[in-house]
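If you want the building blocks of each chain, they are given just below.
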Amino acid sequence: MQFVNRAEGPVNVYWVPDGGSESDHVHVGEMKELGGALKLTSYQGHTFVFKKGGGGGGGSKVLNQHVVDKSLGSDQTHEIEDESGEL
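Rules of the game
- Residues numbered from 1 in each chain as written.
- Predicted model: local features only at pLDDT ≥ 70, side-chain atom pairs only at ≥ 80, totals over all residues.
- Heavy atoms only, no water.
- Pairing = 2+ DSSP bridges.
- Helix = DSSP H or I, 4+ residues; strand = E, 2+ residues; numbered from the N terminus.
- Axes fitted to C-alpha atoms, helices over the stretch in contact; angles between N-to-C directions.
- Core = buried A, V, L, I, M, F, W, Y, C linked by side-chain atoms within 4.5 Å.
- Buried < 20%, exposed > 50% of the residue type's maximum accessible area, 1.4 Å probe, protein only.
- Phe/Tyr/Trp six-rings, centres within 6.5 Å; stacked < 30°, edge-to-face > 60°.
- Lys NZ or Arg CZ within 6 Å of the ring centre and 35° of its normal.

A few points about the sheet that holds strand 4 (residues 37–39)
Strand order in this open sheet of three strands is 4-1-7, and the pairing throughout is mixed. Both outer strands of the open sheet, strand 4 and strand 7 (77–80), are each paired with one neighbouring strand and no more. Recorded for the sheet is a direction-independent mean angle of 20° between the axes of neighbouring strands. In this structure, strand 1 (residues 2–5) lies alongside strand 7, joined through four bridges in parallel fashion. Bridge pairing in strand 7 links Asn5 to Ile80.

Here is the structure:
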């Protein structure tokens, strides 16, 4: 699985454990610039959130989220845009 940054500036990527609250989010990587990519191995149903700023939680803004869907195949690319106004 690959995520591509289509938001302005760095985007931090977090895995969300089942039933986890924001304090349980696990930082798994960062896309440092527009067009930057992050490749991960993941499984059906895993949820990821994408945040701008604040690296660890305080002051960070959730831009987008994604739930892994195996029906989309094993080689997936998802473009991450700022959809914070829609969440």
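This is not the end of the story, as more comes after the structure.
A few points about the sheet that holds strand 3 (residues 26–31)
As summarised here, the arrangement of the four strands in space is 3-2-5-6, forming an open sheet in which the pairing is antiparallel. Edge positions in the sheet fall to strand 3 and strand 6 (61–67), since each of these pairs with one other strand and no more. Ignoring strand direction, the axes of neighbouring strands in this sheet form an average angle of 25°. Note that strand 2 (residues 11–16) and strand 5 (residues 47–52) share five bridges and pair antiparallel. Across the sheet, Asn12 pairs through a bridge with Lys51, a residue of strand 5.

Observations concerning the environment of Ser60
For Ser60, the position within the fold is in the loop between strand 5 and strand 6. Between the C-alpha atom of Ser60 and that of Glu30, which follows or precedes it by 30 residues, the distance is 13 Å.

Considerations on the nonpolar core
Counting residues in each nonpolar core, the largest one holds 13 residues, and the members touching the most others are Phe3, Val11, Val13, Met31, Phe48 and Phe50. Of all the elements in the fold, those that place two or more residues in this core are strand 2 and strand 5.

Quick notes on the packing of aromatic side chains
Under the defined criterion, the tally for this structure stands at two aromatic pairs. Their ring planes at 70° and their centres at 4.9 Å tell us that Phe3 and Phe50 sit as a pair that is edge-to-face. Of the two residues, Phe3 is situated in strand 1 and Phe50 in strand 5; the sequence distance between them amounts to 47 residues. Of the residues examined, Phe3 reaches a relative accessible area of 0% and is grouped as buried. Here the aromatic cluster, defined as three or more aromatic residues joined through ring pairs, consists of Phe3, Phe48 and Phe50. Against the face of Tyr14 rests Lys51, its NZ or CZ located 4.6 Å from the ring centre.

Description of the pairing of strand 5
With six bridges connecting them, strand 5 and strand 6 associate as antiparallel partners. What sits directly across from Phe50, in strand 6, is Asn64.

Take it as geometry only, folks, not as evidence of what the structure does.
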